[in-house]
Amino acid sequence: MRFIFKTKYSQDINIAKHNGDRFWYSLLILIMTALPLVLDDFYLGEISYICILSIAGIGLMILSGYTGLASLGHAAFLGVGAYTHAFLLTNGIPFYASIPIVIIVSFLVGAAIGIPILRLTGMYLAIATLALGFIAEHVFIKWEHFTGGNRGLPVPQPEFLGMSFYDSVFFYYVCLLFLIAAMFAAINILRSPTGRAFVAIRDSEIAAQSLGVNLGLYKALSFAISGAFTGLAGALLAHYIGYLAPDIFNIFLSLTLLLLIVVGGMGSLHGTVFGAIFVGFLPQLIAICRDYLPSSIGSQPGLEPMLFGLILVFFILYEPLGIYGRWMKIKLFFELFPTYKRQTFKKQKVFTKSDRV
Amino acid sequence: MQLIQLIIDGVASGCIYGLVALGFVLIYKATETINFAQGDILMLGAFVAYSLIGILGMDYLTGFALTVLIIAVFGFFLDAVVVRQIIGQPAFATVMLTIGLGFIFRGFASIYWGTDIFSFSTPFSGKITEFNGLIISYVNLSIIVGTAVLMSALYFFFTFSKIGVAMRASSENQLAAYYMGIPVKFIFSLIWSISAGVAAVAGVLLAPITLVDTSISLIGLKAFAAAVLGGFGSIPGAIVGGIIIGIVEQLCGTYENYLFEGVREISAYLVLILTLIIYPRGLFSDKAEVKKV
């Protein structure tokens, strides 16, 4: 057990609580920076993809994990970000100007979606976002002037700082930089009054309201901020994919994002990275599973959704705190050794909260 | 005349939406959870019927009844074994759990039955009747009649049978029902089994139109529109909502040129969003179930 002896007020607001944290996170960043020296292009591409997924995961985590609003249509924001970015680049706007515009556009789209469906709670919100996801996918198909429709839209890969996005090392650094920036932004949003209001709404709307949190405003804000992060991820995703087709941004992508935050651990920013690593390597995992299963089952196309569902159900039932929760348990086990009690993380029995009045 | 023809076709497909929506409503009323796997249960129903009728060569009605029975038993254990474990968790957990279950069912179906498109012969296939210049296919007729029969059976069940009344009591107030000696957990599993059975009926009735493959589970998503339009707590509302969605979809498909291209596929979702924005209580809700912020 570590006791932090506080001697300054500023220690309360430090992001890293003690030198151990500082050391490990610096080491992590150092290792991530040095990775291109040892890994080849394929793995760099995979890790760039994981960074992009993490940014999208941060977006959904702020909405679902911290504000408690379920969204089953988050691929729409990825799509908005990706198409806006590609459209701007095609029209000759440089990369460094396009990214802020994408973030602002996704923020506004998030607010625009958030405001009308504010008064919905729980299930209704999930259904509404599901429907919006479908409508957005359809808009991407039909709005050919903007998205190229089913023909698709090639993403220009412009020069930036004299480097090309075709260079996987450069792209890796861009993704890593944006992930670190997004992480810092998210940490700081979440420990500001805004973030505290989000958590209050998640834990009890009535309590939050009686403490003076404007539910409508903060829910819309949560949607908008979430949209901005996810839109940024969409812009990077556009570079990663290189050619946008509307069926990329389908419901399966939305559900993959949900799987990401559930597996990573609801309500933790670490969880988004863990979840992104998991989701990023899921196809490889499935490929390995195929090898070990008898060929009659292993070669079936239905294996993928089945494993997807099994993992989701398994985590919801047995590890609702996700990989990050498991990590916390292991860490606590060693910190408290030998006095660790299982009951510390025991699922509390609660009565169903009723939506009915 | 064309309009009436469209409406009849719309009513038929709307009945299917209504039946699936009915499944949502039954479970929602009782346990305040939404089963996102309803469409996948419908798909399982269609596949089981295909196995029994198409492969084993059973008589249509026997196969139909057996399918509904199998799926109903399946629904019972789905609740008793899996879903009951997360009662008391936030709504989000149930949403994710049932979505995950849906994926498992879809994956299972495509592994077990394959990804081809199947069909099986029904007594209604390919037959039509003409009435005053209107063309009504027997398949559509079977859907409408089947829905009507099922609805009246459910009505009598919930009004007059002891278990039906116990179900209504448990939906109204779990604690009070428990004090009255009603085995609430068992009743909830029974409600899941009825709702799965209703989905199976919809699946078998739908099979001659859309044929049997894994993509028919998407109907479950459109049925949300029906349930929300009908007020999500009301059984007649679900059916009426379904019929309205069916008609709107037909009309949008035909008059696409006057609206915008591709409106048919998203018309159900547009109705859903508009209902939620303008009148989130739905048409038939007796209580203000959706809180306003």
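Residues numbered from 1 in each chain as written. Chains lettered and ligands numbered in written order. Predicted model: local features only at pLDDT ≥ 70, side-chain atom pairs only at ≥ 80, totals over all residues.

Q: Quick rundown of the overall build of chain A? Include the residues and the values.
A: Within chain A, the secondary structure is distributed over 16 helices and four strands. Relative to its length of 357 residues, chain A is compact, with a C-alpha radius of gyration of 21 Å against a globular reference of 21 Å. Considered along the principal axes of its C-alpha atoms, chain A spans approximately 60 × 55 × 55 Å. For chain A, the residues scored as buried account for 43% of the 357 residues in total. (Helix = DSSP H or I, 4+ residues; strand = E, 2+ residues; numbered from the N terminus. Rg over C-alpha atoms; globule rule 2.2 N^0.38 Å. Buried ≥ 20, exposed ≤ 12 C-beta atoms within 10 Å, placed from the backbone.)

Q: Describe the overall build of chain B, listing the residues and the values that go with them.
A: Per the secondary structure count, chain B includes eleven helices and two strands. For chain B, the C-alpha radius of gyration of 19 Å lies close to 19 Å, the compact-globule estimate for 293 residues. With respect to the principal axes defined by its C-alpha atoms, chain B has extents near 60 × 50 × 35 Å. Looking at chain B as a whole, 54% of its 293 residues are labelled buried. Considering only residue pairs separated by 6 or more positions, chain B has 74% of its internal contacts joining residues 24 or more positions apart. (Contact = placed C-beta atoms within 7 Å.)

Q: Tell me about the nonpolar core, and please be specific about residues and values.
A: Here is a general trend for soluble globular proteins: nonpolar side chains tend to be buried in one another's company. Ile55 of chain A together with Ala46 and Leu272 of chain B are the most contacted members of the largest nonpolar core, which totals 207 residues. Sort the elements by how many residues they give to this core and helix α8 (residues 184–210) of chain B lands first, with 17 residues. Leaving out residues up to four positions away in the same chain, Ile55 of chain A has contacts with Phe178, Leu179, Ala182, Phe229, Leu232, Ala233 and Leu236 of chain A. (Core = buried A, V, L, I, M, F, W, Y, C linked by C-beta atoms within 7 Å.)

Q: Can you lay out the confidence of the model for chain B for me, pointing to particular residues and giving the numbers?
A: Residue and element names in this part refer to chain B. Here chain B averages 84 in pLDDT, while 97% of its residues score no lower than 70. Counting interchain partners and residues more than four positions distant, the pLDDT-below-50 stretch residues 288–293 has 17 contacts. Confidence metrics for the complex model read pTM 0.86 and ipTM 0.83. (pLDDT = per-residue confidence, 0-100.)

Q: With reference to specific residues and values, describe helix α5 (residues 138–160) of chain B.
A: All names here are of chain B. In this model α5 runs 32 Å from its N-terminal to its C-terminal C-alpha over 23 residues, within 8% of the 33 Å that 1.5 Å per residue would give. Every buried residue belonging to α5 is among Val139, Asn140, Ile143, Thr147 and Leu150, and all of these are buried. Where α5 is buried, its residues contact α1 (2–31), β2 (134–137), α8 and α10 (235–254). (Expected span 1.5 Å × (residues − 1).)

Q: If you had to explain helix α5 (residues 95–114) of chain A to someone new, which residues and values would you point to?
A: Compared with the 28 Å implied by 1.5 Å per residue over 20 residues, the 28 Å span of α5 of chain A between its first and last C-alpha is a close match. Of the residues making up α5 of chain A, those classed as buried are Ser98, Ile99, Val102, Val105, Ser106, Phe107, Val109, Gly110, Ile113 and Gly114 of chain A.

Q: Tell me about unusual backbone geometry, and name the residues and values.
A: Most of the time, phi is negative for any residue but glycine, and the peptide bond is trans. Omega for the bond connecting Phe337 of chain A with Pro338 of chain A falls within 30 degrees of zero, at 0 degrees, which places this linkage in the cis form. Note that Pro338 of chain A resides in the segment after α16 (322–336).

Q: Please provide a residue-by-residue account of the packing of helix α3 (residues 41–66) of chain A against helix α13 (residues 269–292) of chain A, values included.
A: All names here are of chain A. Look at α3 against α13: their axes get within 8 Å of each other, and the N-to-C directions meet at 135 degrees. On the basis of the axis angle, α3 is oblique to α13. At the point where α3 passes α13, the crossing takes the right-handed sense. In contact with Glu46, Tyr49, Ile50, Leu53, Ser54, Gly57, Ile58 and Met61 of α3, α13 contributes Leu269, Gly271, Thr272, Val273, Gly275, Ala276, Ile277, Val279 and Gly280. Its residues assigned to classes, the contact of α3 with α13 comprises ten nonpolar, six polar and one charged. (Axes fitted to C-alpha atoms, helices over the stretch in contact; angles between N-to-C directions. Parallel < 35°, antiparallel > 145°, perpendicular 65-115°, else oblique. Left-handed = near helix turned anticlockwise from the far one by under 90°. Nonpolar A, V, L, I, M, F, W, Y, C, P; charged D, E, K, R; others polar.)

Q: Please give an account of the packing of α1 of chain B against α10 of chain B that cites residues and values.
A: Residues and elements named next belong to chain B. The contact between α1 and α10 brings their axes to 6 Å, and the two run at 140 degrees. For the element pair α1 / α10, the angle class is oblique. The chirality of how α1 crosses α10 is right-handed. When its residues are assigned to classes, the contact of α1 with α10 shows 16 nonpolar, nine polar and two charged.

Q: An account of the confidence of the model for chain A is needed here, citing residue identities and associated values.
A: Across chain A, the average pLDDT comes to 84, with 94% of residues at 70 or higher. Ranking the elements of chain A by mean pLDDT puts helix α14 (residues 295–298) of chain A last with 64 and helix α11 (residues 215–241) of chain A first with 91.

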